Amino acid sequence: MSKEPEHVVIIGNGVAGITAARHIRKISDKRITVISAESDYFFSRTALMYVYMGHMKWKNIEPYEEWFWKENRIELKRARVEKLNTAAKILIFESGEQMDYDKLILATGSLPRKIGWEGENLKGVQGLVTKQDLELLEENSQGCKKAVIVGGGLIGVELAEMLHTRNIEVTMLIREQSFWRNVLPEKDAAFISEHIESHGVELEFGTQLDKIIGDETGRVRAILTSTGEEIFCDLVGLSIGVVPNISFLKDSEIETNVGILVDPYLQTSVEDVFAVGDCVQQREQIDDRSPVEAVWYTARMMGETVAQTVCGNLFRYNPGKWFNSAKFFDIEYQTYGRVWPDPKEDEQHLHWEHKNREKAITIAFNTKSGKFLGINTFGIRMKHEVFDEWLREEKGLEFVLTNLRNANFDPEFYSRHEKEIFSSFKEDFVRS
Amino acid sequence: MSNTKHNMSLAGEPPNRLNTTQKIATGIGWTGVFILTLSLFNVSFPDWGLWLSLGLIALGVIIFANDQYLGKPTAVKNNGIWFKSMTSRGVLAWGTGILLTLFYIVLYWHPQYLGYNPDGANSGIIALFDPLSRMISGLPASQWFVYGTLYTLAILAFGYKFLLKYRHNRYEVIRTFSVMFFQLGFAFLLPEILMRLNQPYYNPVNIWPLNYDLFADYKLQEFFSAGNVGVLMILFGIASIFIITPILTYFYGKRWYCSWVCGCGGLAETAGDPYRHLSDKSRSAWKFERWIIHSVLVFVVVMTIGVIYSFLNDNPADFWLTKDVFLWSSAGFLVLFFALIMIFKKDQLAADAKKAATIFLVVILAIISVNYFSGNGNIFFFHGSQLRTWYGFFIGAAFSGVIGVGFYPIFGNRVWCRFGCPMAAILGMQQRLFSRFRITTNGGQCISCGNCSTYCEMGIDVRAYAQKGENIVRSSCVGCGICADVCPRGVLKLENGPREKRINGDGVLLGNDVDLLDLIREQKQSNKETESSRL
């Protein structure tokens, strides 16, 4: 008689949880169960918008067919976990049902951030994170003529693009003086702001939400801004960020703060309980990263890492050079390394924009050492592999500029701008 | 219409309505079609009736496309595709599919209903096309001339629409000019002009086995009676198969043909573009595809061997290439081809591919031997011309025409190219095993959104590779480039490059700890033997 395999239970079927499950299956025969209250199957959260816009059907945003789960012996369970008993290693579901585990991975993701605005629970007020949010948005856009989106950021601009395809007029309230200015340098933020506005979305800068006003049926009727302006609207999209989804842990032994606190091995304060993805808060600083990172790629990397640890290859979570990507309406954005919104000490930015206003690049470098620090690229695709290598090898600005063409990843026959970029930077450089 | 059934849209205004300009454009286009329909009932039109009709159709498409794309941001926009009846298998799609199918049935098997009369004056719609046909080739129109004209019109008009839709992407623009050029110049005008010059009807870019009639006896006689020009045509046809095609595919992948030159591909890429997302991406469809397309390839090889065999003489004094020499050199070629692939490309073939190739080869050789040694004169139980008739009926007409195009709005625009085309099968083998072409993925940037897979007309699950950091090297990829265009994160790129590491089954997604990535790569490598479930 062979011993029963260890039972790994993963709560959450987003990219963090599913990546963990896949990698555990690759290297072990453990029994794997993935629990989700949200959906039957894993779907790409970043693709929710495309379902709403009619680019894809729900099935299209599910990366794996049903046979995948059966053949790889990954058991899926649709249920909501209400409580954990970590002493007895038992999960208790909303239905009262229970499940034993040997190792537990928490991958519960995040929820839209709310800050206690008056009227934030009215009908027609919502964020966009879950499948249920998407269904709610379909409902809320019925007969909707005007929407206000609170906060810039990635979810905000996605919401704007989505609603725009349904001929809903959109106003965005943005705290800073330009879009996503808390992440992008001034010129990049201005460049993207202009692009968003060119699609007919109204951006109100330096403006925040004061309160939301409802009608007699309990539905949103208007909002009041911090500048005292009243804007009539049928829909309010909340996108001032997300917070870890951890409320079900409040009576458990697991230590939390903003998120679930983990050590460098993604281990929580309780033995055999790990956490990955958006719901995590790192106890120790990892280079220049924020302790809570709600990003697809970091969730995936935590999933890859925890799988090794759970299977006995103890691995520190040690993500490589920072990278990220997004798309603002028609303009793709990629970033490699760090380009801080406001240059840090000895950091300088070089910015180039194409005359058609659809392409731009900002490069950050260290004025003392001449070291290349990072790049923001808009409308020009760049190779991750190349920049990863340059960053790890600490290449200098000059090297990066002279070799920029080797990093280009645009489709064949696209116009190339390296020369123009080079001479524009040179001018900037001489001037500064 | 039926949009609410297919998606979660309950909203008031999904973008599925036509505006006034688009309605007028639709009206203009359909008026052109209506004139064609009227001519079926022998309503007589003056000579300019045809121009009016074709002009209105083109004008309708152009006005519609201008309104839809000009003055709008230049970027790919697939808004509402799954909400529109026409592009989400709604009533309009089924209606269009059925009409097209009926048209093909009449065209192939009952051209007399269109007014075709080989023994006298044409009537109906064929007669409407007589003046144009006389102008180009000096001959009255046939049903094929009518079809060819409408086909070319569709590629040009919808090609214009495609050019506007993808005008931000120079690869798409250049490629589309190419298919429009080859359709108009090579597929439509050149053969007609050759007829006018009393030369054989010949389109040099319609290559065997897509052009399964190239070696039919009537065609061979036509070539031989045309003297040097005819012999040149045959030689070019043979060189295309054995020399030109492999070289171009080596450098550029099969896209040089399938999405730059071929007329079937040309129609699929232009008129068929709005249906590309309807292709079936399931693993079971992929399995089915591999069996059926290679079966068609075997069928066409067998048929062609049979046809040429019956065309040839027994007497070496007449011509050095006798029945026997041809037969055994064909068998020898197939065995050699099979052996070389099995020896040099063993590791790149899946187990079922090896099994299928062996079965196919054994069956062909067994049939040849049985027939040859029993001396019944036919080489595959039936006379070559009989095989050709069947091939023409089942594959040439029913598969490539009726199912291939008639069902665009239901199964997507590349059904024929994916499941049936034997040319695509040959080029696919070359692409998979002997080419520099691949689709490269960009580090760790994939977000598994699924746009690439959804808009792959060949039903390739592009995402399955991209989200593992692996290049896409698939036989069926026609290199249309749309996956790279719809990717919102700049992850995919069509490239020709060194063959080394082209297929990277041990690819990983960048971004994580480099030591961990090395370990994952190792684990992937050691799992490779047992891993069949695409972890």
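Please read all numbers here as calculations on a predicted model, not as lab measurements. (Residues numbered from 1 in each chain as written. Chains lettered and ligands numbered in written order. Predicted model: local features only at pLDDT ≥ 70, side-chain atom pairs only at ≥ 80, totals over all residues. Heavy atoms only, no water.)

### Topic: the overall build of chain B
Consideration 1: The helix and strand inventory of chain B stands at 22 helices and two strands.
Consideration 2: Here the C-alpha radius of gyration of chain B, 25 Å, is about what a compact globule of 535 residues would show, namely 24 Å.
Consideration 3: With the principal axes as the frame, chain B shows a C-alpha extent of 75 × 70 × 35 Å.
Consideration 4: Split into buried and exposed, the 535 residues of chain B put 55% on the buried side.
Consideration 5: Across chain B, contacts joining residues at least 24 apart in sequence account for 73% of those joining residues at least 6 apart. (Helix = DSSP H or I, 4+ residues; strand = E, 2+ residues; numbered from the N terminus. Rg over C-alpha atoms; globule rule 2.2 N^0.38 Å. Buried < 20%, exposed > 50% of the residue type's maximum accessible area, 1.4 Å probe, protein only. Contact = heavy atoms within 4.5 Å.)

### Some points on the overall build of chain A
Consideration 1: Along its length, chain A carries 10 helices and 25 strands.
Consideration 2: Radius of gyration (C-alpha) of chain A: 23 Å, near the 22 Å computed for a compact globule of 432 residues.
Consideration 3: The principal-axis extents of the C-alpha atoms in chain A amount to approximately 75 × 60 × 40 Å.
Consideration 4: Scored against the burial criterion, the 432 residues of chain A give a buried share of 60%.
Consideration 5: Considering only residue pairs separated by 6 or more positions, chain A has 60% of its internal contacts joining residues 24 or more positions apart.
Consideration 6: Entry remark: accessible area of chain A is about 17800 Å², with carbon and sulfur atoms responsible for 46%.
Consideration 7: Each charge class in chain A can be summarised by its mean position, and for the 53 positive and 69 negative side chains these summaries are 3 Å apart. (Areas by Shrake-Rupley, 256 points an atom, 1.4 Å probe, with all protein chains shown as cover. Lys, Arg positive; Asp, Glu negative; His and termini not counted. Charge placed at Lys NZ, Arg CZ, Asp CG, Glu CD.)

### Here we look at the sheet that holds strand E10 (residues 146-150) of chain A
Residues and elements named next belong to chain A.
Consideration 1: Judged by pairing direction, the sheet is parallel, and its five strands sit side by side in the order E9-E16-E10-E11-E12 without closing on themselves. Of all the strands in the sheet, just strand E9 (125-126) and strand E12 (202-205) have a single pairing partner and so form its edges.
Consideration 2: As paired elements, strand E11 (residues 169-174) and E12 share four bridges and run parallel to each other. In the strand pairing of E12, Ile 174 is matched with Phe 205. (Pairing = 2+ DSSP bridges.)

### So, the domain arrangement of chain B
All names here are of chain B.
Consideration 1: Split into domains, chain B comes out as domain 1 (17-79 + 110-198) and domain 2 (437-527).
Consideration 2: Once you take the C-alpha centre of each, domain 1 and domain 2 turn out to be 38 Å apart.
Consideration 3: On the side of domain 2, eight residues touch domain 1, which itself brings nine residues to the contact.
Consideration 4: Between domain 1 and domain 2, roughly 600 Å² of surface is buried when both sides are summed, and carbon and sulfur atoms account for 47% of that area. (Domains from an automatic or database assignment. Buried area = accessible area lost by both parts, 1.4 Å probe.)

### Examining helix H15 (residues 384-403) of chain B
Residue and element names in this part refer to chain B.
Consideration 1: Along H15, the sharpest change in direction is near 35° and occurs at Gly 392.
Consideration 2: Among all positions in H15, only Gly 384, Leu 387, Tyr 391, Gly 392, Ile 395, Gly 396, Ala 397, Ala 398, Phe 399, Ser 400, Gly 401 and Val 402 are buried.
Consideration 3: On the buried face of H15, the contacting elements are helix H4 (91-109), helix H12 (283-311), helix H17 (415-420) and helix H18 (422-433). (Bend = angle between axes of the 7 residues up to and from the residue.)

### Observations regarding the packing of aromatic side chains
Consideration 1: Taken as a whole and judged by the stated rule, the model has 54 aromatic pairs over all chains.
Consideration 2: Here the aromatic rings of Phe103(B) and Tyr147(B) are separated by 6.4 Å at their centres, their planes lie at 45°, and the arrangement is tilted. Separated by 44 residues along the polypeptide, Phe103(B) in helix H4 and Tyr147(B) in helix H6 (residues 143-165) bring together distant segments of the chain.
Consideration 3: A relative accessible area of 26% places Phe103(B) in the partly exposed class.
Consideration 4: Given the relative accessible area of 16%, Tyr147(B) is considered buried.
Consideration 5: Aromatic ring contacts, followed pair by pair, group Phe103(B), Tyr104(B), Tyr108(B), Trp109(B), Trp144(B), Tyr147(B), Tyr151(B), Phe393(B) and Phe394(B) into a single cluster.
Consideration 6: The cationic tip of Arg166(A) hangs over the ring face of Tyr52(A); the distance from NZ or CZ to the ring centre is 3.8 Å. (Phe/Tyr/Trp six-rings, centres within 6.5 Å; stacked < 30°, edge-to-face > 60°. Lys NZ or Arg CZ within 6 Å of the ring centre and 35° of its normal.)

### Details of the pairing of strand E1 (residues 7-11) of chain A
All names here are of chain A.
Consideration 1: Among the five residues that make up E1, five are buried, leaving the element largely enclosed by the rest of the structure.
Consideration 2: The pairing of E1 with strand E2 (residues 31-36) spans five bridges and is parallel. Bridged to His 7 within E2 is Arg 31.
Consideration 3: Chirality of the crossover, the property in question, places the unit of E1, helix H1 (residues 15-27) and E2 among those that are right-handed.
Consideration 4: The pairing of E1 with strand E7 (residues 103-106) spans four bridges and is parallel. Following the sheet pairing, Ile 10 is matched in E7 by Ile 105. (Right-handed = clockwise from strand over helix to strand, strands pointing away.)

### Brief notes about the domain arrangement of chain A
All names here are of chain A.
Consideration 1: Annotation of chain A at the domain level lists domain 1 (7-111 + 243-310), domain 2 (125-240) and domain 3 (323-431).
Consideration 2: Taken over C-alpha atoms, the centre of domain 1 sits 30 Å from the centre of domain 2.
Consideration 3: The partner domain 2 presents 15 residues to the 14 residues of domain 1 that form the contact.
Consideration 4: Across the interface of domain 1 and domain 2, roughly 1300 Å² is buried in total on both sides, 68% from carbon and sulfur atoms.
Consideration 5: At the junction of domain 1 with domain 2, the criterion picks out zero salt bridges.
Consideration 6: Where domain 1 meets domain 2, there are five residue pairs in polar contact (both at pLDDT 80 or more). (Salt bridge = Lys/Arg side-chain N within 4 Å of Asp/Glu carboxyl O. Polar contact = N/O pair within 3.5 Å; in protein donor to acceptor, adjacent residues only side chain to side chain.)

### Things to note about the environment of Lys344(A)
Residue and element names in this part refer to chain A.
Consideration 1: Its location among the elements puts Lys 344 in the loop between strand E22 (331-337) and strand E23 (347-353).
Consideration 2: Look at Lys 344 and you get partly exposed, because its relative accessible area is 47%.
Consideration 3: With 169 residues separating them in the primary sequence, Lys 344 and Arg 175 have C-alpha atoms 22 Å apart.

### Remarks on the UniProt feature "domain: FAD/NAD(P)-binding" (unreviewed entry) in chain A
Consideration 1: Under the present numbering, the feature "domain: FAD/NAD(P)-binding" (unreviewed entry) in UniProt falls on residues 7-290 of chain A.
Consideration 2: Within residues 7-290 of chain A, the helical portion is 21% and the strand portion 29%, while the C-alpha atoms at the span's ends are 32 Å from each other. (UniProt positions renumbered as here; feature names shortened; annotations may be inferred.)

### Quick look at the nonpolar core
Consideration 1: Membership of the largest hydrophobic core comes to 124 residues, with the highest contact counts inside it found for Leu84(A), Ile105(A), Leu106(A) and Phe387(A).
Consideration 2: Counting 86 residues, the second largest nonpolar core, distinct from the first, contains Leu220(B), Trp256(B), Tyr391(B) and Cys452(B). (Core = buried A, V, L, I, M, F, W, Y, C linked by side-chain atoms within 4.5 Å.)

### Observations concerning the sheet that holds strand E21 (residues 323-328) of chain A
Residue and element names in this part refer to chain A.
Consideration 1: Strand order in the open sheet made by the five strands is E21-E22-E25-E24-E23, with antiparallel pairing throughout. On the outer flanks of this sheet lie E21 and E23, each paired with one strand and no other. Across the sheet, the mean angle separating the axes of adjacent strands is 10° when strand polarity is ignored. (Axes fitted to C-alpha atoms, helices over the stretch in contact; angles between N-to-C directions.)

### What about the side chain of Gln308(A)?
Consideration 1: Residue position: Gln308(A) is located in helix H7 (residues 296-310).
Consideration 2: Judged by its relative accessible area of 0%, Gln308(A) is buried.
Consideration 3: Of the polar contacts made by the side chain of Gln308(A), one reaches the side chain of Asn313(A); its length is 2.7 Å.
Consideration 4: Setting aside its immediate chain neighbours within four residues, Gln308(A) contacts Ile27(A), Asn313(A), Phe315(A), Leu516(B), Leu519(B), Ile520(B) and Gln523(B).

### Structural notes on unusual backbone geometry
Residues and elements named next belong to chain B.
Consideration 1: A cis geometry characterises the amide bond from Trp 208 onward to Pro 209, with omega recorded as 5°.
Consideration 2: Secondary-structure assignment places Pro 209 in the loop between helix H7 (170-196) and helix H8 (217-225).
Consideration 3: Notably, Lys 501 is not glycine yet its phi reads approximately 60°, a positive angle.
Consideration 4: Relative to the assigned elements, Lys 501 resides in the loop between strand E2 (492-496) and helix H22 (514-527).

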